[in-house]
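# Coordinate analysis (summary)
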Number of protein chains: 2
Amino acid sequence: MTKANPQSLADLRQGWAKDPEFQREFAALEDEFVMAQTFIQARTAAGLTQAQLAERMGAKQSYVARLESGRMLPSVRTLQKFAAATGTKLRVAFDAG
Amino acid sequence: MTKANPQSLADLRQGWAKDPEFQREFAALEDEFVMAQTFIQARTAAGLTQAQLAERMGAKQSYVARLESGRMLPSVRTLQKFAAATGTKLRVAFDAG
DNA sequence: TGCAAATATAACTAAAAAGTGATAAGGTGC
DNA sequence: GCACCTTATCACTTTTTAGTTATATTTGCA
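To start, this report covers the structure provided alongside it. (Residues numbered from 1 in each chain as written. Chains lettered and ligands numbered in written order. Predicted model: local features only at pLDDT ≥ 70, side-chain atom pairs only at ≥ 80, totals over all residues. Heavy atoms only, no water.)

## Focus: the packing of aromatic side chains
What the rule picks out here adds up to six aromatic pairs over all chains. Clustering of aromatic rings is evident, with ring pairs tying together Phe39 and Phe82 of chain A together with Phe94 of chain B. (Phe/Tyr/Trp six-rings, centres within 6.5 Å; stacked < 30°, edge-to-face > 60°.)

Written as structure tokens, this is what we have:
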């Protein structure tokens, strides 16, 4: 593993949309960043900055940044707040695989 | 609201599979028990007791019971362990609408 | 009813997340 | 370069979850 070994999600976002090799390796990465990726996509899809989202969640920008950094795996309570703030509906499922 | 006002998930499981009125009212309940319901369904679908599941998660039966009680909203890390233990794949999504 | 398996709850410590303020770093346009 | 907006990180306290032991309660069945 060479390219897809980001130290932070900032690195990840750099490579992501551009490099196909990066994208392939990304699929094999740990789950750690998947949640963060989901957050970023949901927030940007809602057209919000971190500060705007934070206010809607009753939190601060620094907390949203941490959520999106992938260094923490939040609780379902936070997922629910996030969903409410982005006008989406949280879905958690355990799919047969 | 009369019937669908359980104090615990134990009450809930009583009514659930039998009473159609209960089922209707259940849909209107808060999110509080949704996660617990999801846990119970995934575990029973896997044909496991709480103790068996707990062992696969590297935890104790009492912890699984607490998860299924709905009094706590666990972290995504716990959801991942749960998925691994039930042989399922965790899906978390923020759906539009 | 009585036994055994399964589930629920309580009480406690350890670990992790929630939450905050300050500040650094990145990018954009002037 | 310099503002300005946005995102990232650090350091810290508070709150919640993780994890355990012990025990009570429930459930199914002989």
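Don't stop here, the text continues.
## Description of the interface of chain B and chain A
In this assembly, 24 residues from chain B lie in contact with 25 residues from chain A. For chain B, the biggest contributors to the area lost against chain A are Leu73, Arg91 and Phe94 of chain B; these three give 32% of the whole. Counting across the chain B and chain A interface gives two salt bridges. Sheet topology note: the strand β1 (residues 88–96) of chain A/strand β1 (residues 88–96) of chain B ladder contains nine bridges and is antiparallel. In the sheet register, threonine 88 of chain A faces β1 of chain B, and the bridge partner there is alanine 96 of chain B. (Contact = heavy atoms within 4.5 Å. Buried area = accessible area lost by both parts, 1.4 Å probe. Salt bridge = Lys/Arg side-chain N within 4 Å of Asp/Glu carboxyl O. Pairing = 2+ DSSP bridges. Helix = DSSP H or I, 4+ residues; strand = E, 2+ residues; numbered from the N terminus.)

## Focus on the pattern of salt bridges
Enumeration according to the criterion identifies four salt bridges over all chains in this entry. Ionic pairing is found between arginine 43 of chain A and glutamate 68 of chain A, a salt bridge with its closest N-O pair at 2.5 Å. Linking arginine 43 of chain A in helix α3 (residues 32–45) with glutamate 68 of chain A in helix α5 (residues 61–69), this pair joins segments that are 25 residues apart in sequence. Across this residue pair, the class does not change: arginine 43 of chain A and glutamate 68 of chain A are buried. The partner of aspartate 95 of chain A in a salt bridge is arginine 91 of chain B, with the nearest N and O atoms 3.3 Å apart. With aspartate 95 of chain A in strand β1 and arginine 91 of chain B in strand β1, this residue pair bridges two chains. According to the relative accessible area criterion, aspartate 95 of chain A is partly exposed, its value standing at 25%. (Buried < 20%, exposed > 50% of the residue type's maximum accessible area, 1.4 Å probe, protein only.)

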